[in-house]
Amino acid sequence: MDERDAIRLCQGGDRDAFGPLVQRYQAQILALCLRMTGSREDAADVAQQAFVQAYKHLDGYDPEQPFRPWLFRIATNECIGFLRRSGRHKAVSGDAALEQVSDPEAGAPALVELAEDHEQVRRAVSALPPPYRTVVVLYYFQELGYQDIAEQTGLPVGTIGTQLFRAKQLLRRLLTEQEVISGATS
Amino acid sequence: MQHLEREALQLYLAGALDLPACEAMAQHLAECPRCSDRLAELAADDAGLTAALCLSDAERAWVESQDLTAPVLRRITPRLSVPLLIGCVMLLPGIWAFNLIVGLGAGWLAGQSTFGLLINFGRTLGPVLLRFALWLAQGGLLTRLWPLLILGAVLGFWYLNHQKETNDYA
């Protein structure tokens, strides 16, 4: 069934027509939710909720517009809402932490070189406050441009650049601390 | 020489600058080894983060093994379609018309019995039935309760259309 046909059927009240749409996008939505929440269990819940919200708001969707960005906008908002509710950003308080962060010296090691492996980088990303984590995931994982991120999050384009820059500063600090901690314990 | 801020370099790297700013920055970078080194560092950070955030094999396997169709369909309520909405709206005059027909029919029957064989019935229960039938024919309870009926229909429609989803993860 064509995607537009399925959407029109859903808008007409056919719930079962939503099944193929879920099947088509579930892997991508799950991946986004996994990166945003950092947990498989939470990712599955948030992804389900994103699809439920999408179905509920199909009346407001214009079938002439691409469906994927619309769906991802809903999923991103669900992830942000989840992170705010769960309070997982308390690990690092963004503004307070940034006060202690200075620009790295020229010739400083690359951000990822501070980590032992990719898993450590992902944990550091999971410790970022929700606004920073959102732009990091959308930019580096979803590989969206600033304009697309601005559309998905409702933030001005200039703010996206600033948030991304600050997020990288925070990540550098987090990874440096982890390195110090792991160095001290080894 | 005035060096470029890292934040500005990040914008340049992301292609988020307008053309004049981008050209000015490119010119500066061509002349300034320190800023071009910084740009290279930022680019290395970006490449590293992109690689680190890719799904691992285990994560990819998990994502691809999930099927959300059944749980999602269980959690969504059927949408109220336009024909169903029209049906709901037409229900009220339908009820009223049914009331009218029943009232008229009962009234006719009561009138027949009044002037028919059941004289005693006609003297006692007949007029009561006749009055009741006339009352029904004039709209009965609907004349007094229609605001409640409309409110009930609106609330019923709202409930069907916006049934609150359970939020398991809140």
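The model shown is predicted, which means the values in this text are computed figures rather than measured ones.

**Overview of the overall build of chain A**
Of the regular secondary structure elements, chain A holds nine helices and zero strands. Sequence-ordered secondary structure for chain A, helices as α and strands as β, is α-α-α-α-α-α-α-α-α. Within chain A, buried positions represent 44% of all 186 residues.

**Quick word on the overall build of chain B**
When helices and strands are tallied, chain B shows nine helices and zero strands. Each helix and strand of chain B, ordered N terminal to C terminal, gives the series α-α-α-α-α-α-α-α-α. Buried residues in chain B amount to 12% of all 170 residues. Long-range contacts, defined here as pairs at least 24 residues apart, represent 65% of the contacts in chain B between residues at least 6 apart.

**Quick notes on the interface of chain B and chain A**
Every contact between the two is made by 40 residues of chain B and, on the other side, 44 residues of chain A. Those elements giving two or more residues to the side of chain B that touches chain A turn out to be α1 (6-14), α3 (33-53), α4 (57-65) and α5 (69-75) of chain B. Residue contributions to the side of chain B that touches chain A peak at twelve residues, all from α3 of chain B. Partitioning the side of chain B that touches chain A into residue classes produces 21 nonpolar, six polar and 13 charged.

**So, unusual backbone geometry**
Positive phi values are uncommon outside glycine, yet E143 of chain A reaches one of about 55°. Locating E143 of chain A in the fold gives a position in the loop between α7 (130-141) and α8 (146-153).

**Quick look at the packing of helix α6 (residues 118-126) of chain A against α3 of chain B**
The relative placement of two packed helices is expressed as an angle between their axes plus a distance between the axes. Direction vectors running N to C along α6 of chain A and α3 of chain B enclose 95°, while the axes themselves pass 9 Å from each other. Comparing the axis directions of α6 of chain A and α3 of chain B gives the class roughly perpendicular. Contact residues: α6 of chain A offers H118, V121, R122 and V125 of chain A, while α3 of chain B offers L49, A51, A52 and L53 of chain B. When grouped by side-chain class, the residues that make up the contact of α6 of chain A with α3 of chain B number six nonpolar, one polar and one charged.

**Some points on the packing of helix α2 (residues 18-37) of chain A against helix α3 (residues 40-56) of chain A**
Residues and elements named next belong to chain A. Following both chains from N to C, one finds α2 and α3 inclined at 135°, their axes separated by 8 Å at the closest point. Here α3 runs oblique to α2, going by the angle between their axes. The chirality of how α2 crosses α3 is right-handed. Contacts between α2 and α3 involve F18, V22, Q26, I29, L30, C33, L34 and T37 from the first element and R40, D42, A43, A44, V46, A47, A50, F51 and Y55 from the second. By residue class, the composition of the contact of α2 with α3 is 13 nonpolar, two polar and two charged.

**Some details on helix α2 (residues 19-31) of chain B**
What sets the pattern is the α-helix's 3.6 residues per turn: residues three or four places apart point alike. Look at α2 of chain B: 19 Å from first C-alpha to last across 13 residues, which is about the 18 Å you get at 1.5 Å a residue. Of all 13 residues in α2 of chain B, zero are buried; the element is thus mostly exposed.

**Examining the environment of P131 of chain A**
Residue position: P131 of chain A is located in helix α7. Exposure remark for P131 of chain A: the 20 C-beta atoms within 10 Å place this residue in the buried category.

**A closer look at the nonpolar core**
When a protein is soluble and globular, its nonpolar side chains tend to lie buried together. The biggest cluster of nonpolar side chains holds 64 residues, and the ones touching the most others in it are C33, A47, A75 and V136 of chain A. No other element matches α2 of chain A, which puts eleven residues into this core. In this structure C33 of chain A touches A43, V46, A47, A75 and C79 of chain A, once residues within four positions along its chain are discounted. Formed by five residues, the second largest nonpolar core is a distinct cluster that contains L11, Y12, C35 and L42 of chain B.

**Topic: α2 of chain A**
Residue and element names in this part refer to chain A. Between its terminal C-alpha atoms α2 stretches only 25 Å, short of the 28 Å expected from 20 residues at 1.5 Å a residue. In the structure, α2 departs most strongly from a straight axis at Y25, where the bend amounts to approximately 50°. Burial analysis of α2 places 14 of its 20 residues in the buried class, which makes it a mostly covered element. Positive phi appears at G38, one or two residues downstream of α2, with a value of about 75°.

**Some words on the confidence of the model for chain B**
Reading fine detail from the predicted coordinates is not recommended where pLDDT is low. Residues and elements named next belong to chain B. Counting all residues, the mean pLDDT for chain B is 75, and 68% of those residues have values of 70 or more. When mean pLDDT is taken per element in chain B, α4 scores highest with 93 and helix α7 (residues 119-123) scores lowest with 53. For the stretch residues 164-170, pLDDT sits under 50, and the model shows eight contacts to residues farther than four places along the chain or on other chains. Here the predicted complex scores 0.67 on pTM and 0.80 on ipTM.

The rules behind the values
- Residues numbered from 1 in each chain as written.
- Chains lettered and ligands numbered in written order.
- Predicted model: local features only at pLDDT ≥ 70, side-chain atom pairs only at ≥ 80, totals over all residues.
- Helix = DSSP H or I, 4+ residues; strand = E, 2+ residues; numbered from the N terminus.
- Buried ≥ 20, exposed ≤ 12 C-beta atoms within 10 Å, placed from the backbone.
- Contact = placed C-beta atoms within 7 Å.
- Nonpolar A, V, L, I, M, F, W, Y, C, P; charged D, E, K, R; others polar.
- Axes fitted to C-alpha atoms, helices over the stretch in contact; angles between N-to-C directions.
- Parallel < 35°, antiparallel > 145°, perpendicular 65-115°, else oblique.
- Left-handed = near helix turned anticlockwise from the far one by under 90°.
- Expected span 1.5 Å × (residues − 1).
- Core = buried A, V, L, I, M, F, W, Y, C linked by C-beta atoms within 7 Å.
- Bend = angle between axes of the 7 residues up to and from the residue.
- pLDDT = per-residue confidence, 0-100.

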